[in-house]
Amino acid sequence: MLVIHAARRARRRRPSRIGLAVAGGGPIGGMYELGALRALEQAVEGLDLRALDVYVGISAGAFLAAGLANRIGTAELCRIFVGGDAERTRFRPDDFLRPAYAEYLRRAAELPRALFGWFGDVVRNPFAINTSDALLRLGSLLPTGLFDNGAIRRFLAELFRAHGGSDDFRALERRLYVIATDLDSGEAVRFGAPGRDDVPISLAIEASAALPGLYPPVRIGGRYYVDGALRHTLHASVALDAGADLVLGVNPLVPIDTARAQASGKRAPPTLLDGGLPAVLSQTFRALLQSRAQAGASRYPQRYANADRVLFEPNADDVEMFFTNVFSFASRRRVAEHAYRSTFADLHERRDELAPLFERHGLRLRDEVLDAPPRSLLDGLRRPAGRTRTTRRLDGVLDELRDRLPPPRPPRRRKAPPPQA
């Protein structure tokens, strides 16, 4: 689904400043975003996602934003995260699901002191202790996260290094912001902004992706940080504040409309109650995210009257995205392919609205691509040639050239010669 917000007063300045805002959504949300970005880059002439003016990433979206800001193209990102055949960087999902043993031990070490304190309170005030107090005390001993998020930092540092990039915000040619939430104040923090650009990019992303309950909060400079989506869904305002004239956004999590899904012939239950607690919680979480995003976006026309915004997200009847576990690494290729095809379909359907908007910013929808037979996400993604800096650059050039070439036409059938008399 495309959400288009055209500027009230279009700027005539050339060249336009273009920004990208990529939301969170767990591993599957990141794969949806990657498929959508791959389709967008192939379908829009003049759009180089590695050379935008400003990037904003939250949680899983920060992986992609930081990769693009380091000039790692969508083709290579697909090889790494979807194809699993990139030579320089190996993506191993199991590395991100290792138990947080250090956090377990730290909480276990606090058990004797907590029990001793609780026992002392019982002795002093035996009739003042109730069940809720006991549960709160026990809750303080539970780990703050199940998995060790140190693997995120190590993987990203290796990724940037292997592709000739940098783990330093200040060394990038383009502006990159990674959003996290300060645990003890609830405020959104923009890593990469002046005064917060000395933090390694990989560490900032580790903090931005620290979903409470899944990964422990991340300590940076004496403060603790958690998932950046807790305050806002997309943080497109960060790119707009940086002066972007056009902001492209991708948000993978939207609530489902089961009635619409059934009306369009898709397999969906008559009520999400049939899916039990996971379905109810998922719908509630997505509805809260969407409501916050809409509330924030409602103020944009007044604050950013000269800016255009285009948001890509799943349709309200997208059962594929809703009923796929957002932490299922095994489904990443299927979801990325689904997003790739859905984005092409959205661009094809809304091209009359998008074409003039893109033209204001020096971009052109490629009709020859949108009208071609459906592509596959992994079509044309050959294995990289080697590990040297020269071959890395050559791979990028060939990927870009392949994206810019028109799709091959099906061969014409030769007419059979007329029968001889």
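Calculation rules
- Residues numbered from 1 in each chain as written.
- Predicted model: local features only at pLDDT ≥ 70, side-chain atom pairs only at ≥ 80, totals over all residues.
- Heavy atoms only, no water.
- Helix = DSSP H or I, 4+ residues; strand = E, 2+ residues; numbered from the N terminus.
- Expected span 1.5 Å × (residues − 1).
- Buried < 20%, exposed > 50% of the residue type's maximum accessible area, 1.4 Å probe, protein only.
- Core = buried A, V, L, I, M, F, W, Y, C linked by side-chain atoms within 4.5 Å.
- Contact = heavy atoms within 4.5 Å.
- Salt bridge = Lys/Arg side-chain N within 4 Å of Asp/Glu carboxyl O.
- Polar contact = N/O pair within 3.5 Å; in protein donor to acceptor, adjacent residues only side chain to side chain.
- Pairing = 2+ DSSP bridges.

Under an unreviewed UniProt entry, the name given to the protein chain is Patatin-like phospholipase family protein, and the source organism is Dokdonella ginsengisoli.

A. Representation of helix H7 (residues 150-162). Its 13 residues give H7 an end-to-end C-alpha distance of 19 Å, which sits within 8% of 18 Å, the value for a rise of 1.5 Å per residue. Of the residues making up H7, those classed as buried are Gly150, Ala151, Ile152, Phe155, Leu156, Leu159, Phe160 and Ala162. The positive-phi residue at the C-terminal boundary of H7 is Gly164, with phi of around 70°.

B. Representation of the nonpolar core in the model. Formed by 82 residues in total, the largest nonpolar core has its most connected members in Leu176, Phe191 and Phe358. Setting aside residues up to four positions removed in sequence, Phe191 forms contacts with Phe169, Leu176, Tyr177, Val178, Ala180, Arg196, Val199, Ala204, Ile220 and Tyr225. Within the second largest apolar cluster, 22 residues are counted, among which are Ala229, Val238, Leu240 and Ala297.

C. Molecular detail of the pattern of salt bridges. Summed over all chains, the structure comprises 20 salt bridges. One salt bridge connects Arg98 with Asp95, and the closest N-O pair in it is separated by 2.9 Å. The class of Arg98 is partly exposed, set by a relative accessible area of 46%. Note that Arg351 is salt-bridged to Asp371, the shortest N-O span being 2.5 Å. Here Arg351 is found in helix H15 (residues 351-359), whereas its partner Asp371 is found in the loop between helix H16 (367-370) and helix H17 (389-404), with 20 residues between them in sequence. A single salt-bridge network, built from bridges that share partners, covers Glu45, Arg364, Arg366 and Glu368.

D. Spatial organisation of the side chain of Arg366. Counting through the fold element by element, Arg366 comes out in the loop between strand S11 (364-365) and H16. Side-chain polar atoms of Arg366 contact the backbone oxygen of Gln42, separated by 3.0 Å.

E. How the structure looks around the pairing of strand S10 (residues 308-312). Burial within S10 is extensive, with five of its five residues counted as buried. Bridge count between strand S1 (residues 2-5) and S10: four bridges; the pairing is antiparallel. The residue of S10 that forms the bridge with Leu2 is Phe312. In the sheet, strand S9 (residues 246-250) pairs with S10 via five bridges, with the strands oriented parallel. Paired with Leu248 across the bridge in S10 is Val310.

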